[in-house]
Amino acid sequence: MRKQLIAANWKMYKTILETKDFIDKFLILIKSVNINNREIVLCPPFTSLYVASEMLKNTNIKLGAQNMYIEEKGAFTGEISPVMIKELNCEYVILGHSERRKYFNETDEFINKKMLMALKYGLIPIVCIGETLQEREENKTFEVLKYQVENSLANLTHEQAAKIVIAYEPVWAIGTGKNATPQQAEEAQSFIREVYANMYGKDVAERIRILYGGSIKPENFKEIISQKNVDGGLVGGASLDPESFFKICCV
Ligand code: 13P
């Protein structure tokens, strides 16, 4: 059985004060229910990781970073290393988000290097893939997903391969209010698992969690997460408000 995972990707939102305010409110809400069957992860900006880490001690809410560099340390002005993230009690790191691919020219090969480094330092990578609207309209969705899986997720040992998390985030669904239908998510995600099974075997592929991301809301998530190959969600906009993220965690 795969444990469902719901992660909040705050992107470049929330100052330290706003982070504190969110976590104060969210912890009150989440303590009122008993969610043992799901992992819940917050991924705030780097500047908020320390305060979030302090506040989440002794809770079962986990922490993740939104990015990292491929070296442990060195003259890489402006970058953050996996060691630094790990020191902040992060268990997860989001890699290869479509915004990083688009605005920072990250390629699948580069994302692959990051993923290997993340694993080396004991972080669980949440590797994002997904087609653009144009690619979908040109019927290239499967081709694109296959390329991204085979290249960004290459070179793993079987043990490593069983640990990672994949997030299927169709680019046309991110921040647009137009989520993939549950059927579209299931179709893409069962395909992703199949490609992964061809790389690392069926047993490994059945163990990893594949999240859906793109315009998740409390109202649309229940049907999406009910799909066989949807093991959770990576939530952007709707994770910024404690009530709405709480509702998503509870659907
Ligand atoms: P939205 O939920 O705002 O569409 O963003 C999705 C996303 O990019 C999560 O990583």
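Here's a quick rundown of the structure. Here the residue numbering is sequential within each chain, running from 1 through the sequence in written order. The predicted origin of the model limits local features to residues at a pLDDT of at least 70 and limits the giving and counting of side-chain atom pairs to 80 or more, whereas totals for whole chains, interfaces and linings rest on all residues. The side-chain figures draw on all heavy atoms in the structure; neither hydrogens nor water molecules are used.

Attention now goes to the pairing of strand β4 (residues 92-95). Whether a residue is buried, partly exposed or exposed follows from its accessible area with a 1.4 Å probe, protein chains only, as a fraction of its type maximum: under 20%, in between, or over 50%, in that order. A run of H or I in DSSP counts as a helix once it spans at least four residues, and a run of E counts as a strand once it spans at least two, with each numbered from the N terminus. In β4, alternate side chains face the same way, and those of Tyr 92 and Ile 94 on one face and Val 93 and Leu 95 on the other are all buried. For crossovers, right-handed means that the path from the first strand over the helix to the second runs clockwise, given strands pointing away from the viewer. Remark: the strand β3 (residues 61-65)/helix α3 (residues 82-87)/β4 crossover connection has right-handed handedness. What makes two strands pair is DSSP finding at least two bridges between them. Bridge count between β4 and strand β5 (residues 124-129): four bridges; the pairing is parallel. Its bridge partner being in β5, Ile 94 is matched across the sheet by Ile 126.

A few words now on the site of the ligand. Residues are counted as near a molecule or strand when any one of their heavy atoms sits within 4 Å of it. Around the ligand, the neighbouring residues are Asn 9, Lys 11, His 97, Glu 169, Ala 173, Ile 174, Gly 175, Gly 214, Ser 215, Leu 234, Gly 236 and Gly 237. Counted as a polar contact is a pair of N or O atoms within 3.5 Å, where, for protein atoms, one must be capable of donating a hydrogen and the other of accepting one, and residues adjacent in sequence contribute only when both atoms are in side chains. Side-chain polar atom of Glu 169 to an oxygen atom of the ligand: 2.9 Å apart, as the coordinates give it. Gly 175 is positioned with one of its backbone polar atoms (N or O) 2.6 Å from an oxygen atom of the ligand. When residue character is reported, Ala, Val, Leu, Ile, Met, Phe, Trp, Tyr, Cys and Pro are called nonpolar, Asp, Glu, Lys and Arg charged, and the others, Gly included, polar. Looking at side-chain class alone, the shell around the ligand contains three nonpolar, seven polar and two charged residues.

It is worth spelling out the packing of helix α5 (residues 108-120) against helix α7 (residues 141-152) at this point. The contact between α5 and α7 brings their axes to 8 Å, and the two run at 40°. When the interaxial angle is binned, α5 and α7 end up oblique. Handedness of the α5/α7 crossing: right-handed. For the pair α5 and α7, contact is made by Asp 108, Glu 109, Ile 111, Asn 112 and Met 115 and by Tyr 147, Gln 148, Asn 151 and Ser 152, respectively. Grouping the constituent residues of the contact of α5 with α7 by class yields three nonpolar, four polar and two charged. Axis definition: a line fit to C-alpha positions, over the contact stretch in the case of helices; interaxial angles, taken between N-to-C directions, run 0 to 180 degrees. Small angles under 35 degrees read as roughly parallel and large ones over 145 as roughly antiparallel, with 65 to 115 read as roughly perpendicular and the rest as oblique. Two helices that cross are described as forming a left-handed crossing if the nearer one is turned anticlockwise from the farther one by less than a right angle, and a right-handed crossing if clockwise. Whether two residues touch is decided by their heavy atoms; if any such pair falls within 4.5 Å, the residues are in contact.

Turning our eyes to something else, we now look at the nonpolar core. Here the nonpolar core consists of buried residues drawn from Ala, Val, Leu, Ile, Met, Phe, Trp, Tyr and Cys, with membership extended through side-chain atoms lying within 4.5 Å. Judged by nonpolar contacts, the single largest core of 69 residues is most densely connected at Tyr 196 and Phe 245. Considering each element in turn, this core owes the most residues, eight residues, to helix α9 (residues 182-200). Counting twelve residues, the second largest nonpolar core, distinct from the first, contains Val 41, Cys 43, Val 165 and Leu 234.

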